[in-house]
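Here are the chains, one letter per residue:
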Amino acid sequence: MRQMRLDPSTPGLLSAFELGDEGLQHIIADLSENQLSNFHLPFCVAPNFLVNGNISVFPLVTEESSVVAALAKAAGFWAQRGGFHAEVTGMEKKGQLHFTWKGSPEKLHRFFPEIQKILLEEVSPLTRNMESRGGGILKLELKHLPDILDHYYQIDAGFSTCNAMGANFINSCLEQFGKSLRLFFASRMDWPPEEQDCSILMAILSNYTPDSKVRVWVDCPVEDLTGDLSAHELAEKFVMAVHIARHDVSRAVTHNKGIFNGIDALALATGNDFRAIEAGAHAFAARSGKYRSLSDAKISGDHFVFSMEIPLAAGVVGGVTGIHPLAKLAMQILGNPTAAELMQYMAVAGLASNWSAVRALVTTGIQKGHMKMHLSNILNGFQATDEQKQAVRAYFQDREVSYAEVEHYLKNYAGH
């Protein structure tokens, strides 16, 4: 196993936290518009993730302490049972050129091989660098979609962007396709006038990436599921809870939100677009026509298996990842992974978060652990002193936490 340790002398570690430094503050300010200040969220770590035989520490950005605790607890539990297994099953991203054209679909399909050749030739100055890294345009497909709009077509494009998220690359290529397509039609002087023009509606990447996916799973003998219930009862209740999320939309939405508690925290820490990741995965969860759980669980013989297949598009170069000081630190903590490795880590974080949430639901309930972790927020809301905080934490060490009970204790016993 590879043990990862964060060395305080790591270059850039100290400067990553010195946000008062003029140069770093300039970087932060330039990330957005009309900046008033910096909005701070905790930068945390969850240790002991055994992923494909290697130990990793996951950097996380989240305001919810229970998320970090849940991930760390899941990591420790599964590290003793073989760890997490993950594999990337594809890394193809997608973009679309949307346009209308008033000729016959048969004619356009007949000429599409010629059009495709022109599009690829004229976009080559934009793709040259990406191709030198092993990426580029993978495929172009013409689609006629009259059920959506009259005379409406798409050129559906597949891209490989290697270690980059690639949004700017994809969008630049698509916009060039639009220019080239209009010139192609305009040059057909022997065609009817209405066929010598097309209307470019949009040229934009899609955050739906069903061909850029990760499969992640944990498994162990049922008898190894020690905890608050008997091993067999825990396994059976866990499988039933996931089964409900596979078939009931109200439960599925909250179930999948728990998955994104982990994925989003890691995506934020590494400067990746968690909104794009969520949008694509939620669409994937509804691909059957009904919104379902992204994860699945089963008992096979005497073995318990908890797994998930999820579309993910992550980048490790370019964008915020390459310039934000804490995003760069997060990448150092992860051992400077490739995009494929980061995708696997995100999927692991999602499954780990889901494991802890479902296990809590079918055993002690979600509120016991959540409110314990939420106690600091409650105390800060009451503006408790350090002495009062110490007294309250000691009192609730073995008691159930609630807002009302903390308020009662502060008023009556802690001199608030």
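These figures come from a predicted structure and were not determined experimentally. (Residues numbered from 1 in each chain as written. Predicted model: local features only at pLDDT ≥ 70, side-chain atom pairs only at ≥ 80, totals over all residues. Heavy atoms only, no water.)

1. Some words on unusual backbone geometry
Item 1. Positive phi outside glycine occurs at Asn-48, with the angle close to 70°.
Item 2. Structurally, the position occupied by Asn-48 is in strand S1 (residues 43-51).
Item 3. Positive phi is not limited to glycine here, since Asn-52 has a value of about 50°.
Item 4. Topologically, Asn-52 is positioned in the loop between S1 and strand S2 (54-61).
Item 5. The exposure class assigned to Asn-52 is partly exposed, which follows from its relative accessible area of 38%. (Helix = DSSP H or I, 4+ residues; strand = E, 2+ residues; numbered from the N terminus. Buried < 20%, exposed > 50% of the residue type's maximum accessible area, 1.4 Å probe, protein only.)

2. Considering the confidence of the model for the protein chain
Item 1. Residues at a pLDDT of 70 or more form 90% of the protein chain, whose mean pLDDT is 90.
Item 2. Confidence over residues 10-19 falls short of pLDDT 50; this stretch has 16 contacts with residues more than four positions distant or in other chains. (pLDDT = per-residue confidence, 0-100. Contact = heavy atoms within 4.5 Å.)

3. Observations concerning the environment of Arg-133
Item 1. In this structure, Arg-133 sits in the loop between helix H4 (105-132) and strand S5 (136-144).
Item 2. The exposure class assigned to Arg-133 is exposed, which follows from its relative accessible area of 53%.
Item 3. Between the C-alpha atom of Arg-133 and that of Val-358, which follows or precedes it by 225 residues, the distance is 42 Å.

4. Topic: the pairing of strand S10 (residues 303-311)
Item 1. Among the nine residues of S10, seven are classified as buried, and the element is accordingly described as predominantly covered.
Item 2. Here strand S8 (residues 213-221) pairs with S10 via nine bridges, running antiparallel. From the neighbouring strand, Val-214 faces S10, where its bridge partner is Ile-310.
Item 3. Sheet topology note: the strand S9 (residues 295-300)/S10 ladder contains six bridges and is antiparallel. Residue Asp-296 lies in a different strand from S10, and its bridge partner there is Ser-307.
Item 4. Between S9 and S10, which pair antiparallel in sequence order, lie two residues; one of them, Gly-301, sits at a positive phi of approximately 65°. (Pairing = 2+ DSSP bridges.)

5. Regarding the sheet that holds strand S6 (residues 152-160)
Item 1. Taking strand neighbours across the sheet as the criterion, the four strands line up as S5-S6-S4-S7 in an open arrangement whose pairing is antiparallel. A strand with exactly one partner marks an edge of an open sheet, and here the two such strands are S5 and strand S7 (199-206). On average, each strand axis in the sheet is tilted by 15° relative to the strand beside it, whichever way the strands run.
Item 2. The pairing of strand S4 (residues 93-100) with S6 spans eight bridges and is classified as antiparallel. Following the sheet pairing, Gln-96 is matched in S6 by Asp-156.
Item 3. Against the sheet, H4 makes contact with S4, S5 and S6, and its axis sits at roughly 155° relative to S5, the strand it touches most.
Item 4. Sheet contacts for helix H5 (residues 167-186): S4, S5, S6 and S7; angle to S7, the most-contacted strand, approximately 160°. (Axes fitted to C-alpha atoms, helices over the stretch in contact; angles between N-to-C directions.)

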